[in-house]
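# Observations on chain architecture
Below are the chains, spelled out letter by letter.
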There are 4 protein chains.
Amino acid sequence: MKSKFDIFRQKVHIIIYGTNTVAGKAFDIVLLGLILLSVLMVMLETVDSVDERYHNVLLICEWVITVFFTIEYILRIISIKTPSKYIFSFYGIIDFIAILPMYLSFFFGGAQILSVVRALRLLRIFRILNLVHFTGQASELRLAIKTSRTKIIVFIYFVLVVCVLLGSLMYVIEGEVNGFTSIPVSIYWCIVTLTTVGYGDIHPVTPTGQVIASLIMILGYGIIAVPTGIVTAEFAQNRKKKGLFTLEKDYPCPNCGVDDHKQKADFCYNCGNKLEHE
Amino acid sequence: MKSKFDIFRQKVHIIIYGTNTVAGKAFDIVLLGLILLSVLMVMLETVDSVDERYHNVLLICEWVITVFFTIEYILRIISIKTPSKYIFSFYGIIDFIAILPMYLSFFFGGAQILSVVRALRLLRIFRILNLVHFTGQASELRLAIKTSRTKIIVFIYFVLVVCVLLGSLMYVIEGEVNGFTSIPVSIYWCIVTLTTVGYGDIHPVTPTGQVIASLIMILGYGIIAVPTGIVTAEFAQNRKKKGLFTLEKDYPCPNCGVDDHKQKADFCYNCGNKLEHE
Amino acid sequence: MKSKFDIFRQKVHIIIYGTNTVAGKAFDIVLLGLILLSVLMVMLETVDSVDERYHNVLLICEWVITVFFTIEYILRIISIKTPSKYIFSFYGIIDFIAILPMYLSFFFGGAQILSVVRALRLLRIFRILNLVHFTGQASELRLAIKTSRTKIIVFIYFVLVVCVLLGSLMYVIEGEVNGFTSIPVSIYWCIVTLTTVGYGDIHPVTPTGQVIASLIMILGYGIIAVPTGIVTAEFAQNRKKKGLFTLEKDYPCPNCGVDDHKQKADFCYNCGNKLEHE
Amino acid sequence: MKSKFDIFRQKVHIIIYGTNTVAGKAFDIVLLGLILLSVLMVMLETVDSVDERYHNVLLICEWVITVFFTIEYILRIISIKTPSKYIFSFYGIIDFIAILPMYLSFFFGGAQILSVVRALRLLRIFRILNLVHFTGQASELRLAIKTSRTKIIVFIYFVLVVCVLLGSLMYVIEGEVNGFTSIPVSIYWCIVTLTTVGYGDIHPVTPTGQVIASLIMILGYGIIAVPTGIVTAEFAQNRKKKGLFTLEKDYPCPNCGVDDHKQKADFCYNCGNKLEHE
């Protein structure tokens, strides 16, 4: 017979991990709201004018949220069968890091880094959203990025080598007086330029430097086409594959039920049965 | 029997809402001109050198246009069957907001916000253009954007989460002395960088900050491919669908039923039967 | 019988307008060199340090080139059958404008605008290149741009409306103290931001302004996908059309010679003749 | 009979040029590490704060690496059959240039240019990576870039002509007082703007200048679509070609000869005949 504690655990599990019951959904929405509120507070704390006026309000809110997250964390550990699996999972670690700073602030005072670490709570949103929203759309995005990943890495590697070489060149040409104080700084400038960001904190001054900078810009303007081309081709291909299967689902084989025949097929490719079209 | 007023209403309706008669077209063109003139005037009023010299001219023009728009607004209400349907429609509200500021300026003086609200008149252009021009081209654009909308929202959501996390990180690394005065400002900087805008009002100064900024730039340079890929794939697919239906499938062979002939084909490529076109 | 002058005219015509003879080619190359040299000189004249030292050299060179171009211009008029057709053609006007400034400088002194007008000579290069190089590549580019032109205009029109509205909004929010001195300037800023150029000469200072600026940037980052999508789809389609014709050129019909059959065709679509594959 | 030297040469050849043996792989990894370390040191030497502290350490490391590279260079020459083929190859020259600076520094002192030339060692990485990694991915990238190269050159040529003309125009409009000090500088500004880099070191000040700058930005924003479209179309086409050949055409039906079956097909879709796979 189940003990009272087991029943409690089971109920908690349904609420915290489940999304099908009303209570489970309500819990997710409350959690989503608290995470967003909490991250908003982390941001506002750093704005001096807000912090001065509402310091105490923010502190109290923060403690309430932290206590809520702590209870949630403990309940998550209790209600799961193998706690270690949760604790050392990606989200388990995020959850732990998200509540740690406030308790550590007892010992180290309100160190800024501790405070900002709480922004990682934002990652917790993904778990909630994963279960509720966007799954279809996001998965197509993820697939396209996944399949074109290696090509993009090769591309970025190439961009970095170009930046190191051109950065070194610009360091020699422009020199320290014009803001290119060292090769790493020149490489930073080169990345800023090649990616068309262009802060303007460092910019070429000598004519030769400006000519080379122009070449880098046109290069960057031209090669941005490459990652775009890669991802687009992946998208188009993934879509076409899907399209092949949706377009041809018109006539299932009456013998074996397979339904992704070629549009012009007269015989089932699986069992050789004759296909009857309308 | 129709009253005189009914006949007047009908005539007005044809001129204001219609586009097929000469009068209707002329009205649309006058309206288009007045809207553009009006928006131009809103702009010029804010240019000090222009405003000083031509203040009175601009004021008189503005009143003439406002009176014209007011009359037009009243006629639109009178000439339509169910006025409430127009008044609370999108364009009805825009039309109302577009004439309001001048009358409100009696009570509140020439408040700047009131003055600028008139720029919303520009939205009125879309109604005119919708009826006259570009419909085909714009509808293809709209279709592609509509179908890829959810994916782009997921993408922007992802970009925003990345910006919040990286913005917080940069706030800790660079700190307030280097211009990253608060997390919201850091997030603003991160968006400026990731979208490759790069104002340069805030920029990393510490070496660590510059390394992370470089990574953000390359990230932004790489992931710009994603929305492009999405929209392009949509365009290609919409086009292909349209292409499939318009280019071929027009005339199935009366002998063997194959129907994907070339457009200029005179004989069936499958059985050699003569094809009869219209 | 042809007069001597007629024979001279014909010879000149072959050299100047022709590209097949050795003399014609040599003339084109000399002309190309002189145009490039001339444009380079226009540039260098404006560089103070160069102008100070080599002012006289540049002036003499410029006169030599101008005289050469003048003779060329006269010969072009003489050697063509209907001179008016050349004189009022696009290139005829460019040629005339290109030689005018030096003669006008007698009357008006070395006015700067006159001097810079000579840079238009650069357009003359296109005529030469059109005949010699790149024709195939450029024509595919031109085709893709031509077919997607209307869509890109609709897109730019939409971008401009967005910039006027958001520019007006930013003018109200940021105000003149923060650099948004008038609505036209705000619109300029909005275009600078939306196109991800981001000079940083004007940038938002208030928190609200920075939030709206962030939205504009993300918008600009997202909608850059649209023109890219349009052009890419055009390229892909043009290519596919061409592809259809090149891929299938394998087996010309032995009866009528038509060779762009579908790959699986058994009968000629033009004459119904049976096709024999290998 | 082979001399001892011949055996030594053969062994060295396997280690240096080969990648299949353990020794060959280990050599490549050590070389890769040393190259990266060496390039890192070139960078750090230019950072003043690092150079001051660790000048001697860096100098000694540099000498060790140079001696290692020298020995490697000599061994490469010795162990190859036709040394001249290696010496005058691209990588042979890079290898030579990579070791030269340290020896030249005896005669000319530690000239900065000599020091930075060592960054070219980075190019040596490509040889190692070519043999070990990424070959498949990189070759697809290379193919797409190769086939779209001419079109991108035509595009860049067009961009440059536009920049020269618009740069000259802006020089006349803005003039030297607003930072457009000469036509070359104006062209530089135009490239910075058209490529959406936008440093902000030079920016239009006059209203006319800002209007033209806005047009340039929108132009740049629109035509970035062109190289993207080119490369994407190439990618899609290359992929489709490969797809056509790998996915299907493997096994023609022995009965009717149709050969574009699905990969998992067991029966011919055209005649229902059983397909025999290997």
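Criteria and thresholds
Residues numbered from 1 in each chain as written. Chains lettered and ligands numbered in written order. Predicted model: local features only at pLDDT ≥ 70, side-chain atom pairs only at ≥ 80, totals over all residues. Heavy atoms only, no water. Helix = DSSP H or I, 4+ residues; strand = E, 2+ residues; numbered from the N terminus. Contact = heavy atoms within 4.5 Å. Buried area = accessible area lost by both parts, 1.4 Å probe. Polar contact = N/O pair within 3.5 Å; in protein donor to acceptor, adjacent residues only side chain to side chain. Nonpolar A, V, L, I, M, F, W, Y, C, P; charged D, E, K, R; others polar. Buried < 20%, exposed > 50% of the residue type's maximum accessible area, 1.4 Å probe, protein only. Least-squares fit on C-alpha atoms with pLDDT ≥ 70 in both. Phe/Tyr/Trp six-rings, centres within 6.5 Å; stacked < 30°, edge-to-face > 60°. Lys NZ or Arg CZ within 6 Å of the ring centre and 35° of its normal. Salt bridge = Lys/Arg side-chain N within 4 Å of Asp/Glu carboxyl O. UniProt positions renumbered as here; feature names shortened; annotations may be inferred. Expected span 1.5 Å × (residues − 1).

In this section: the environment of arginine 118 of chain B. Within the secondary structure layout, arginine 118 of chain B lies in the loop between α6 (112-117) and α7 (124-132). Taking the C-alpha atoms as reference points, arginine 118 of chain B and leucine 100 of chain B, separated by 18 residues in sequence, lie 8.5 Å from one another.

Turning next to the interface of chain D and chain B. Contacts between the two partners involve four residues from chain D, matched on the other side by four residues from chain B. Summed over both sides, the interface of chain D with chain B buries roughly 180 Å², with 32% coming from carbon and sulfur. Across the chain D-chain B interface, the total number found is zero residue pairs in polar contact (both at pLDDT 80 or more). Along the lines of polarity and charge, the residues of the side of chain D that touches chain B split into two nonpolar, two polar and no charged.

Bringing unusual backbone geometry into the picture now. Residue and element names in this part refer to chain C. Despite not being glycine, threonine 196 has its phi angle at roughly 60°, a positive value. Locating threonine 196 in the fold gives a position in the loop between α10 (183-194) and α11 (207-223). Exposure remark for threonine 196: the relative accessible area of 5% places this residue in the buried category.

All right, on to the relation of the copies chain D and chain B then. Each copy of the sequence occupies a distinct position, and chain D is placed on chain B by a rotation of 180° and an axial shift of 0.0 Å, giving an RMSD of 0.1 Å. Here the two chains are linked by the operation of a two-fold rotation axis. Here 100% of the interface residues in chain D have copies in chain B that are interface residues too; the copies meet face to matching face.

Applying the stated criterion across every chain yields a total of 30 aromatic pairs over all chains. Plain terms: the ring middles of phenylalanine 180 of chain A and tryptophan 189 of chain A are 5.1 Å apart, the flat faces sit at 70° to each other, and that makes the pair edge-to-face. One residue, arginine 124 of chain B, lies across the ring of phenylalanine 69 of chain B, its end atom 4.8 Å from the ring centre.

A separate point is the side chain of threonine 195 of chain B. Mapped onto the elements, threonine 195 of chain B comes out in the loop between α10 (183-194) and α11 (207-223). Looking at threonine 195 of chain B, the relative accessible area reads 1%, which means it is buried. Apart from the residues lying within four places of it in its own chain, the contact partners of threonine 195 of chain B are Thr196, Met217, Ile218 and Tyr221 of chain C.

Here we take up the pattern of salt bridges. Residues and elements named next belong to chain A. Under the criterion given, the structure shown has 17 salt bridges over all chains. Across the pair arginine 121 and glutamate 62 runs a salt bridge, and its minimum N-O distance is 3.2 Å. Here the residue arginine 121 occupies a position in the loop between α6 (112-117) and α7 (124-132), and glutamate 62 occupies one in helix α3 (residues 48-79), the gap between them amounting to 59 residues. When its relative accessible area of 0% is taken as the criterion, arginine 121 is described as buried. The class of glutamate 62 is buried, set by a relative accessible area of 1%.

Residues and elements named next belong to chain A. As recorded in UniProt, the sites labelled "transmembrane region" (unreviewed entry) are residues 21-44, 56-75, 87-114, 152-173, 180-199 and 211-233. As annotated, residues 56-75 comprises 100% helix and 0% strand, and the C-alpha atoms at either end are separated by 29 Å. As annotated, residues 152-173 comprises 100% helix and 0% strand, and the C-alpha atoms at either end are separated by 31 Å.

Bringing α10 of chain C into the picture now. Since the α-helix turns once every 3.6 residues, residues separated by three or four places project in the same direction. Residue and element names in this part refer to chain C. Between the first and last C-alpha of α10 there are 16 Å, a value that for 12 residues agrees with the 16 Å anticipated at 1.5 Å per step. Of all 12 residues that make up α10, 11 are buried, and the element is covered over most of its length. Those residues of α10 not exposed but buried are Ile183, Val185, Ser186, Ile187, Tyr188, Trp189, Cys190, Ile191, Val192, Thr193 and Leu194. After α10 finishes, the residue threonine 196 shows a positive phi value of roughly 60°.

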